Structure formats: C-alpha cells, structure tokens
Amino acid sequence: MSRVRTDTPGPRLGALMHQLRGVLGPAPEDVVGIDLPRHQLRALFIVVKHGPLAVGRLAEATGASLASTSSLADRLVRSGHLEREPDPQDRRRVLLTATPLGTAVVQQLEERFHQRFERLVGAMTAEGRAALEAGLLDMIRAADTLGLRGDQPHHPTHGDHA
C-alpha cells in the first residue's frame, strides 16, 4: 500500500486546495431550493458555460461514461434545467442546451460564490492577497505550459464551485 508523501509541495498544496474547495464550494444555504445533486450541478455548469453540447462532449468534460452522462442529461431534461435540440449542423445529432431555469440556477450559485469569495479575500492582508495572486498566476501559467487547463469543455473541470 503506497502512502501519499506530505514532505513535498504537491501533496501539501493539494490538501490546501481541497480545504479551499470546502470553503469556496456551495454553502448549505446556497443550495436551498435547488434540488440537484452535485454531479448534476456540475454538468449544468458545464452546459451553461460551454453549451450547447452533445452528450458525448459533456461526458468527456465530466470524465463520466457516455451511458451515465446520457442518464444524467435525461434527469436534467426532466427537471427542466436542460433541453435537447437538434444540431443545426447535423440533424442526426442532438445538443444539450440550458433552459432559463438551468441558467438561473447557475447564475444564483455564481453570485453567491462571488459574494463569499469577496468577503474571504477582503479579510486577507494585502500581503496575503498579493502572494495569492502571484501564486495563482504562476499556477495558471504552469497549467498552460503543461496543457492542463480545465476551462474548456473537452477537459475535466475539477475546480468548479458547484
């Protein structure tokens, strides 16, 4: 059984990122009235931000199988958050698009995230904010260099806040 090393920066920073996701992720009061499990919210965020998308592209973006993504899409369609529309470029394909309800859910969660983030950053020292900004910019540059950006629909998005 292998153990995760904690004497190198990667695991320590990973553990901090995990804690930060807990701080920045949706608070219980953020999801009151939103009756969607986390994996459905994540898929909804992807479609709102990158849609319209074919089910296969959504599966690729979430890292889930095509079958489970198709079932997930069915549930989001039944709940009124997504709809299926013919692809104007290829009538044999169907695209998932967000409904006004789906878009409103994402906007509500994003607004609450940004409010919480502003409060958190506002409570930091100026030095802490400057160090955070420098570190995040360096991490983004490294991700670009390594081709690891997760903000495109063809890459899994692990840093989502839904």
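Draft legend 1. Highlighting the sheet that holds strand β2 (residues 82-87). Pairing within the open sheet is antiparallel, and its three strands lie in the order β1-β3-β2. The open sheet has two edge strands with one neighbour each: β1 (53-54) and β2. In this sheet, strand β3 (residues 90-98) lies alongside β2 in antiparallel orientation, the contact comprising six bridges. In the strand pairing of β3, P86 is matched with V94. Strands in contact with helix α2 (residues 38-50) are β1, β2 and β3; relative to β3, the strand with the most contacts, it is inclined by about 110 degrees.

Draft legend 2. Geometry of the confidence of the model for the protein chain. For the protein chain, per-residue confidence averages 83 on the pLDDT scale, and 82% of positions sit at 70 or higher. At the low end of the mean pLDDT range in the protein chain sits helix α1 (residues 9-24), at 80; at the high end sits helix α4 (residues 66-78), at 95. Across residues 152-162, where pLDDT falls below 50, the model places 34 contacts with residues more than four positions away in sequence or in other chains.

Draft legend 3. Just the pattern of salt bridges, in detail. Under the counting rule described, the total for this entry stands at five salt bridges. Between K49 and E110 there is a salt bridge, with the nearest N and O atoms lying 3.0 Å from each other. One end of the pair, K49, is in helix α2; the other, E110, is in helix α5 (residues 100-122), and 61 residues separate them in sequence. With relative accessibility at 44%, the residue K49 sits in the partly exposed group. R92 is the partner of D90 in a salt bridge, and the nearest nitrogen-oxygen pair spans 3.0 Å. Judged by its relative accessible area of 75%, R92 is exposed.

Draft legend 4. Broad picture of the packing of aromatic side chains. The full count for this structure, using the stated rule, is one aromatic pair. The interplanar angle of 20 degrees and the centroid separation of 5.9 Å between the aromatic rings of F113 and F117 together place this pair among those described as stacked. With F113 and F117 both in helix α5 and four residues apart, this pair spans about one turn of that helix.

Draft legend 5. Representation of the packing of α2 against α5. Where α2 meets α5, the axes come as close as 10 Å, and the angle between the chain directions of the two elements is 105 degrees. Regarding the angle of α2 to α5, the classification is roughly perpendicular. Residue-level contacts link L41, L44, F45, V48 and K49 of α2 to G102, T103, V105, V106, L109 and E110 of α5. Of the residues contributing to the contact of α2 with α5, the split by class is seven nonpolar, two polar and two charged.

Draft legend 6. Quick peek at a nonpolar patch on the surface. On the surface, M17, L20, V23 and L120 cluster together into a nonpolar patch covering about 290 Å² of accessible area. Here the nonpolar patch takes three residues from α1, the largest share from any one element. Position of L120 among the secondary structure elements: in helix α5.

Draft legend 7. Looking closely at the environment of L120. Its relative accessible area of 33% is what places L120 among the partly exposed residues. For L120 and L24, which are 96 residues apart along the polypeptide, the C-alpha to C-alpha distance reads 9.0 Å. Non-local contacts of L120, meaning those with residues more than four positions away in its chain, are made with L20, V23 and L24.

Here is what the cut-offs are and how they apply
Residues numbered from 1 in each chain as written. Predicted model: local features only at pLDDT ≥ 70, side-chain atom pairs only at ≥ 80, totals over all residues. Heavy atoms only, no water. Pairing = 2+ DSSP bridges. Helix = DSSP H or I, 4+ residues; strand = E, 2+ residues; numbered from the N terminus. Contact = heavy atoms within 4.5 Å. Axes fitted to C-alpha atoms, helices over the stretch in contact; angles between N-to-C directions. pLDDT = per-residue confidence, 0-100. Salt bridge = Lys/Arg side-chain N within 4 Å of Asp/Glu carboxyl O. Buried < 20%, exposed > 50% of the residue type's maximum accessible area, 1.4 Å probe, protein only. Phe/Tyr/Trp six-rings, centres within 6.5 Å; stacked < 30°, edge-to-face > 60°. Parallel < 35°, antiparallel > 145°, perpendicular 65-115°, else oblique. Nonpolar A, V, L, I, M, F, W, Y, C, P; charged D, E, K, R; others polar. Patch = residues over 30% accessible without salt bridge, like charges linked within 9 Å, V, L, I, M, F, W, Y side chains within 5 Å. Areas by Shrake-Rupley, 256 points an atom, 1.4 Å probe, with all protein chains shown as cover.

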